[in-house]
Amino acid sequence: MLVHVFTLFPEMFQGPFQASILKRAQAGGLLEVRLHQVRDHAHDRHRIVDDAPYGGGPGMILKPEPLFEAVESVLGTALRGMPVVLLSPQGRLFTQAEAQRLAREPAVALLCGHYGGVDERIREQLATDELSIGDYVLTGGELAAMVVVDAVSRLLPGVLGSEEAAAQDSHARGLLQYPQYTRPPVFRGWKVPEVLLSGDHGAVGRWRTVQSLRRTQERRPDLLERASLTPEERRLLDELQAHRQQEER
Ligand code: ADE
């Protein structure tokens, strides 16, 4: 997958993209990230990229010309059909489903918003999508763009060691992940649940399903409303809910 990032701070991307799985994905040719300095496309003497808002008010707004020019000159005809995603706190919430959708694209462009905001014409005429990584405000879209690249990259075929790892993690099917343990079986007196040491794969599978459902119900009941559950999971969830109601009485 080819990711074009348009930003005023390309240096921010150095650390996160040069370690661990993203580094390996790039070395293996599964991911290519091209960073584009928007300021290089401002043609006035001071290379100005922002200006005061019309109508007054605090903060500076990212001007349209440098960003339009950057995107159009870098992408040219490749722009046609490519998702152009503006990162901003006003976007649709970035979820695992959005990550899966983007992972199917051969190329995407990410536009990093500016601390003061962007000229509305960028949002309306240049971006095809607008995403927020959560209900809080960052100093700019750069960290959000890194989060999107990270979450999307690990879904690309071959990026993770085993394809299974991505299929089983939290949110993959709309549920939180079950608790995981490794050696030793007893640490400071705290034991690994017996069933995981039993070697009984059926029992382990059932335990994990129940744990996933319980954890999601306790921590993120909002996710359960949208999760696609098998009839068996639905039955287990009803049991859990009945059990919980009994305890509350
Ligand atoms: N820029 C500033 N805050 C942001 C957020 N929460 N998500 C995406 N981009 C942002």
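Provided above is the structure to which this section pertains.
Now for a quick tour of the structure. Here the structure is a predicted model, which means the values were calculated and not measured.

The next point concerns the layout of surface pockets. There is about 460 Å³ of room inside the largest pocket. Lining the largest pocket we find 20 residues, and of these T95, Q96, H171, L223 and R226 sit closest to its centre. Mapped onto the lining of the largest pocket, the elements with two or more residues apiece are α4 (96–103) and α10 (221–226).

Take the pattern of salt bridges next. Within this structure, the stated rule accounts for 16 salt bridges. In this structure, E120 engages R123 in a salt bridge whose closest nitrogen and oxygen atoms are separated by 2.7 Å. One end of the pair is E120 and the other is R123, both in helix α5 (residues 120–125) and three residues apart, which spans about a single turn. For E120, a relative accessible area of 41% translates into the label partly exposed. In this structure, R220 and D222 form a salt bridge, with 2.9 Å as the shortest nitrogen-oxygen distance. Where salt bridges share partners, they join R92, E98, R101 and D129 into one cluster.

For the ligand, the set of nearby residues contains 13 residues, the closest of which are S88, I133, G134, Y136 and L138. At 2.8 Å from a nitrogen atom of the ligand is found a main-chain nitrogen or oxygen belonging to Y136. Backbone polar atom of L138 to a nitrogen atom of the ligand: 2.9 Å apart, as the coordinates give it. Protein burial of the ligand: of its 260 Å² of free accessible surface, 97% is covered by the chains.

Attention now moves to the sheet that holds strand β5 (residues 84–93). Reading across from one edge, β2-β1-β6-β5-β7 is the order of the five strands in this open sheet, with parallel pairing throughout. Pairing within the sheet leaves two strands with one partner each, and these edge strands are β2 (32–37) and β7 (129–132). Going across the sheet, the axis of each strand differs from the next one's by a mean of 35 degrees, ignoring polarity. Bridge analysis of β5 against strand β6 (residues 107–112) gives four bridges, and the strand direction is parallel. From the neighbouring strand, V84 faces β6, where its bridge partner is A109. The sheet contacts of helix α6 (residues 142–153) involve β1 (2–7), β2, β5 and β6, and relative to β6 the element is tilted by about 160 degrees.

What counts and what doesn't
Residues numbered from 1 in each chain as written. Predicted model: local features only at pLDDT ≥ 70, side-chain atom pairs only at ≥ 80, totals over all residues. Heavy atoms only, no water. 1 Å grid on protein atoms, 1.4 Å probe; cavity = no way out; pocket = protein on both sides within 12 Å on 5 of 7 lines; lining within 4 Å. Points joined across faces, edges and corners; volume = space filled by probe spheres on them. Helix = DSSP H or I, 4+ residues; strand = E, 2+ residues; numbered from the N terminus. Salt bridge = Lys/Arg side-chain N within 4 Å of Asp/Glu carboxyl O. Buried < 20%, exposed > 50% of the residue type's maximum accessible area, 1.4 Å probe, protein only. Near = heavy atom within 4 Å. Polar contact = N/O pair within 3.5 Å; in protein donor to acceptor, adjacent residues only side chain to side chain. Areas by Shrake-Rupley, 256 points an atom, 1.4 Å probe, with all protein chains shown as cover. Pairing = 2+ DSSP bridges. Axes fitted to C-alpha atoms, helices over the stretch in contact; angles between N-to-C directions. Contact = heavy atoms within 4.5 Å.

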